[in-house]
There are 2 protein chains.
Amino acid sequence: MVALVKEKARALRAAPDKAVKARVLPVNRILRGDCIEMMRSLPDASIDMIFADPPYNLQLGGDLARPDGSHVDAVTNDWDKFSSFAAYDTFTREWLAEARRLLKTDGSIWVIGSYHNIFRVGAILQDMGFWILNDIIWRKANPMPNFKGTRFTNAHETLIWASKSEKSKYTFNYRAMKTLNDELQMRSDWVLPICNGQERLKRNGTKAHPTQKPEALLYRVMLATTNKGDVVLDPFFGTGTTGAVAKRLGRDWIGCEREDSYIEVAEERIEMALPLDESALATMQSKRSAPKVAFGALVESGWLAPGAKVFDKKRRFTATVRADGSLQAEAETGSIHGLGAKLQGAPSCNGWTFWHVEHEGEVKPIDALRQLYLLAVED
Amino acid sequence: MVALVKEKARALRAAPDKAVKARVLPVNRILRGDCIEMMRSLPDASIDMIFADPPYNLQLGGDLARPDGSHVDAVTNDWDKFSSFAAYDTFTREWLAEARRLLKTDGSIWVIGSYHNIFRVGAILQDMGFWILNDIIWRKANPMPNFKGTRFTNAHETLIWASKSEKSKYTFNYRAMKTLNDELQMRSDWVLPICNGQERLKRNGTKAHPTQKPEALLYRVMLATTNKGDVVLDPFFGTGTTGAVAKRLGRDWIGCEREDSYIEVAEERIEMALPLDESALATMQSKRSAPKVAFGALVESGWLAPGAKVFDKKRRFTATVRADGSLQAEAETGSIHGLGAKLQGAPSCNGWTFWHVEHEGEVKPIDALRQLYLLAVED
DNA sequence: CTTGCTATTGAATCTGAAG
DNA sequence: ACTTCAGATTCAATAGCAA
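Note that the structure is a prediction, hence the values are computed from the model and not measured.

### Things to note about the overall build of chain A
Piece 1. Counting its secondary structure elements, chain A contains 14 helices and 16 strands.
Piece 2. Computed over C-alpha atoms, the radius of gyration of chain A comes to 26 Å, more than 25% over the 21 Å expected from 2.2 N^0.38 for 379 residues, which places it beyond the range of a compact globule.
Piece 3. Principal axes of the C-alpha set define a box for chain A whose edges measure 80 × 55 × 40 Å.
Piece 4. Evaluated residue by residue, chain A yields a buried proportion of 53% over its 379 residues.
Piece 5. The long-range fraction of contacts in chain A, counting pairs at least 24 apart against all pairs at least 6 apart in sequence, stands at 67%.
Piece 6. As displayed, chain A has an accessible area near 17,600 Å², and 51% of this comes from carbon and sulfur atoms.
Piece 7. Where the 51 positive side-chain charges of chain A centre and where its 48 negative ones centre are 3 Å apart.

### Description of the packing of helix 4 (residues 85–102) of chain A against helix 5 (residues 118–127) of chain A
For any two helices packed against each other, the geometry is given by the interaxial angle and the distance between the axes.
Residues and elements named next belong to chain A.
Piece 1. Look at helix 4 against helix 5: their axes get within 10 Å of each other, and the N-to-C directions meet at 45°. When the interaxial angle is binned, helix 4 and helix 5 end up oblique. Regarding helix 4 and helix 5, the two cross each other, and that crossing is right-handed. The segment helix 4 lies against helix 5, with F85, Y88, D89, T92, R93 and L96 engaging R120, V121, I124 and L125.

### Examining the packing of aromatic side chains
Residue and element names in this part refer to chain A.
Piece 1. The full count for this structure, using the stated rule, is 37 aromatic pairs over all chains.
Piece 2. With centroids separated by 5.9 Å and ring planes inclined at 50°, the aromatic side chains of W110 and W190 adopt a geometry described as tilted. Placement of W110 in strand 3 (residues 103–113) and of W190 in strand 6 (residues 189–192) is noted, with a sequence separation of 80 residues between them.
Piece 3. A residue is classified by how much of its surface remains accessible, and W110, at 0% relative accessible area, is buried.

### Some words on the UniProt feature "domain: RAMA" (unreviewed entry) in chain A
Piece 1. When the UniProt feature table is mapped onto this chain, "domain: RAMA" (unreviewed entry) is found at residues 277–375 of chain A.
Piece 2. Across residues 277–375 of chain A, the secondary structure splits into 33% helix and 21% strand, with the terminal C-alpha atoms separated by 26 Å.

### Structural notes on the protein's contact with DNA strand D
All names here are of chain A.
Piece 1. Around DNA strand D sit 26 residues, and of these Y174, K178, Q185, H337 and R370 come closest.
Piece 2. Near the protein, within 4 Å, the atoms of DNA strand D are sugar or phosphate in 64% of cases.
Piece 3. In the model, a phosphate oxygen of DNA strand D is placed 2.5 Å from a nitrogen or oxygen of the Y174 side chain.
Piece 4. A distance of 3.2 Å separates a phosphate oxygen of DNA strand D from a polar atom in the side chain of S335.
Piece 5. Grouping the constituent residues of the surface near DNA strand D by class yields ten nonpolar, ten polar and six charged.

### Looking at the sheet that holds strand 9 (residues 231–234) of chain B
Residue and element names in this part refer to chain B.
Piece 1. Reading across from one edge, 1-10-9-2-3-5-4-6 is the order of the eight strands in this open sheet, with mixed pairing throughout. The open sheet terminates on both sides in strands that have one partner only, identified here as strand 1 (29–32) and strand 6 (189–192). Neighbouring strand axes in the sheet, compared pairwise and without regard to direction, differ in orientation by 20° on average.
Piece 2. With five bridges joining them, strand 2 (residues 47–52) and strand 3 (residues 103–113) adopt parallel strand pairing.

### Let's talk about the protein's contact with DNA strand C
Residue and element names in this part refer to chain B.
Piece 1. In the vicinity of DNA strand C, 39 residues are found, and the nearest of them are Q59, R66, Y115, K148 and R151.
Piece 2. Here a base oxygen of DNA strand C sits 3.4 Å away from a polar atom, N or O, in the side chain of N146.
Piece 3. K148 places a polar main-chain atom, nitrogen or oxygen, 2.6 Å from a base oxygen of DNA strand C.

### Focus on the pattern of salt bridges
Piece 1. All chains considered together, the criterion is met by 42 salt bridges over all chains.
Piece 2. A salt bridge links D127 of chain A to R120 of chain B; the nearest nitrogen and oxygen atoms lie 2.5 Å apart. Note that D127 of chain A is positioned in helix 5 and R120 of chain B in helix 5 (residues 118–127), a pairing that runs across two chains.
Piece 3. A salt bridge links E264 of chain B to R203 of chain B; the nearest nitrogen and oxygen atoms lie 3.0 Å apart. Pair noted here: E264 of chain B is in helix 9 (residues 260–272) and R203 of chain B is in strand 7 (residues 202–203), with a separation of 61 residues, a long-range link.
Piece 4. The class for R203 of chain B is partly exposed, based on a relative accessible area of 30%.

### Describing the sheet that holds strand 9 (residues 231–234) of chain A
All names here are of chain A.
Piece 1. Across the sheet, which stays open at both edges, the eight strands sit in the order 1-10-9-2-3-5-4-6 with mixed pairing between neighbours. The open sheet has two edge strands, strand 1 (29–32) and strand 6, and neither has a second partner. Across the sheet, the mean angle separating the axes of adjacent strands is 20° when strand polarity is ignored.
Piece 2. Alignment of strand 4 (residues 131–140) against strand 5 (residues 156–163), held across eight bridges, turns out to be antiparallel. Across the sheet, the residue bridging to W131 is S163, located in strand 5.
Piece 3. On the sheet, helix 8 (residues 241–248) packs against strand 2 (47–52), strand 9 and strand 10 (252–257) and is oriented at approximately 170° with respect to strand 10.

### A word on the pairing of strand 9 of chain A
Residues and elements named next belong to chain A.
Piece 1. Burial along strand 9 is two-sided: the face carrying V231 and L233 and the face carrying V232 and D234 are both buried.
Piece 2. In the sheet, strand 2 pairs with strand 9 via two bridges, with the strands oriented parallel. Considered in strand 9, the bridge of M49 is made with V232.
Piece 3. Bridge count for strand 9 against strand 10 is four bridges, and the pairing is parallel.

### Examining the interface of chain A and chain B
Much of the literature gives interface size as the accessible area that the parts lose upon coming together.
Piece 1. Each side of the interface is counted separately: chain A has 71 residues, and chain B has 75 residues.
Piece 2. Of the roughly 6,300 Å² buried between chain A and chain B, counting both surfaces, carbon and sulfur atoms make up 53%.
Piece 3. Seen at the junction of chain A and chain B, the total is five salt bridges.
Piece 4. At the boundary of chain A and chain B, one finds 37 residue pairs in polar contact (both at pLDDT 80 or more).

### Details of the nonpolar core
Piece 1. The biggest cluster of nonpolar side chains holds 74 residues, and the ones touching the most others in it are W95, I109 and L233 of chain A together with W95, I109 and L233 of chain B.
Piece 2. Not counting residues within four places of it along the chain, the set of residues in contact with L233 of chain B comprises M39, L42, I47, M49, I50, F51, L102, I254 and C256 of chain B.
Piece 3. By size, the runner-up hydrophobic cluster in this structure holds 67 residues, among which are M49, W161 and W253 of chain A together with V357 of chain B.

Quick notes on the rules
Residues numbered from 1 in each chain as written. Chains lettered and ligands numbered in written order. Predicted model: local features only at pLDDT ≥ 70, side-chain atom pairs only at ≥ 80, totals over all residues. Heavy atoms only, no water. Helix = DSSP H or I, 4+ residues; strand = E, 2+ residues; numbered from the N terminus. Rg over C-alpha atoms; globule rule 2.2 N^0.38 Å. Buried < 20%, exposed > 50% of the residue type's maximum accessible area, 1.4 Å probe, protein only. Contact = heavy atoms within 4.5 Å. Areas by Shrake-Rupley, 256 points an atom, 1.4 Å probe, with all protein chains shown as cover. Lys, Arg positive; Asp, Glu negative; His and termini not counted. Charge placed at Lys NZ, Arg CZ, Asp CG, Glu CD. Axes fitted to C-alpha atoms, helices over the stretch in contact; angles between N-to-C directions. Parallel < 35°, antiparallel > 145°, perpendicular 65-115°, else oblique. Left-handed = near helix turned anticlockwise from the far one by under 90°. Phe/Tyr/Trp six-rings, centres within 6.5 Å; stacked < 30°, edge-to-face > 60°. UniProt positions renumbered as here; feature names shortened; annotations may be inferred. Near = heavy atom within 4 Å. Polar contact = N/O pair within 3.5 Å; in protein donor to acceptor, adjacent residues only side chain to side chain. Nonpolar A, V, L, I, M, F, W, Y, C, P; charged D, E, K, R; others polar. Pairing = 2+ DSSP bridges. Salt bridge = Lys/Arg side-chain N within 4 Å of Asp/Glu carboxyl O. Buried area = accessible area lost by both parts, 1.4 Å probe. Core = buried A, V, L, I, M, F, W, Y, C linked by side-chain atoms within 4.5 Å.

And the structure:
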């Protein structure tokens, strides 16, 4: 078994294309069984992102009744019972160790929980060398009230997003998140409704799973921290929200699940999920991934003549464009960035937005010329 | 010393009236020195509530500059430096052990932190036998942005509220909280602005303390979980927000603080604090903010599928919805507002009223979908 | 006195590819 | 593993000053 796993890992590193991935990884399938054992069958460093919704260890007391006398359907399943915090910690370390082995160097992991378990999970993540990137608050738009009036209404859950290590070059689709949030940076608190209505899966008229997560939550997680074609693993698959959203978003997925009844519901659900087509899947790209244009290219191709004057917005500084794309301001010379930084006495400067020109009677940053150049060069 | 402490504890249990309390407890005073040593001088089971704002162990890297080149004034104080997680844990266990000894059987403790430290604090609290009652999210109305676009904006801090044990008959003023929240149960997420403006204490023109907490936060904590005349201890007193609010609410307080400069500011501040009348309370506690709806939220939650077509009223322009909530019209992409403006050649555009969809056989502005979404999401 | 513009600032684990 | 350098990147609130 171990030899097989190693061979698979080699294959994956050697040629990570689609066919190879499908051959060495059981992609888009549910692995039936204990998640730790199932993870052991997968090769090292093969997973891009892990989403985990482990048991919360809720420690509920007796039955809970609403003020009208009706019974509250609490999470009382065996899988949520642990004899002690120590037992829960052992369980957590075991599945996280496998998760860590499976993650690629630049991969990241999400874990969701409540105050019952999330502090233990977070501390263990840190102890194991994961690097916390954010803690995210899912603020429930419609939480269950605190019927007895003994505490604050528990109206949120916490997600931890962590990279495999401090050095990981993790995926974060900043532009897509900013777009999704009406052109403001996406914050660490997310307002989303809980999973109910049509979305809530039923079996024989009752809820198929006690803690089904809303697809909107997974949608945001996956859009933010994976790319198309990435492999997402969910060790506690349940009714397959992760798989359904992954399929819609063009990501590959692997799920681990013990309970036959959940697997059955999940398979049916994912079967029915429709993948989005290419154009709908596209997201706003960050400038970082855009093709680079050297300032010199604008000079070469005549968008800006050598000898032209550029200046900062307040016209405190003026410089002359030289034939090689460098700038000169009195005795100082340098690149658009370097000279801008030098003149301001700043550690760095984005010359594209710092320097301006007069173009068609208007003052514009030279970045505007770059945009025009790019449009002209395309096709 | 130990004998004296025991005698004090006896006196306190025997006759816990005001005069005795003042004789055996250094009430309404700042204890100058290391918090663990200072706590050792106080008698067992003498404190009703502890509010602690310990160092967060931020582990910051190098300098950080804003996009405009200005410098971010980070927390670089020695008191926030620890050599490792293990060292931080040891420190945490030590001060929490004293805190636990000082707490009355039915007392409770609040600890505030960020993802850097709060998971460790929470796990240690549980290991020591404290019983977590809620984790509370302080959603900052005006957090510092993520200047480099590398993560989600860190827009909240976490508070843990725990009783001394599972059996504690802790104080929770349910009615007061409900009144404060417009007759709705107070939730576990609190929207409050950060401490700035007039409230932010200055010394020689610069902030007196790098991490001063807003009084509104302490106000809610104390109003919810203490009664008038209770003794509140703050082991990390800083500039004395806890003391100022305690005085205004008619609670007694004890603070521990090492730094002379903080003590000086705190003493002056508390001296000036006046008991506040009830009517002022309503204005200083901000109501729950109506969450704004981003167009992306409609996409995430399935009200509008990626790939759907939107168009202006006269159907001059058509665009396709993409996965991140951006729109695409031929070669152009952008947000609902930005693309609307671009296509019309207008300086700006309200995308909510400009773009329309077909919904239930009718053409409606997408704003109508937003209204439906809000109705569905409201409590 | 009001309105509008600009500058400042807040618990921050804050770049990445090429050489 | 190191350095170098192009160049990407910010939201809300408050204070101060000008009009």
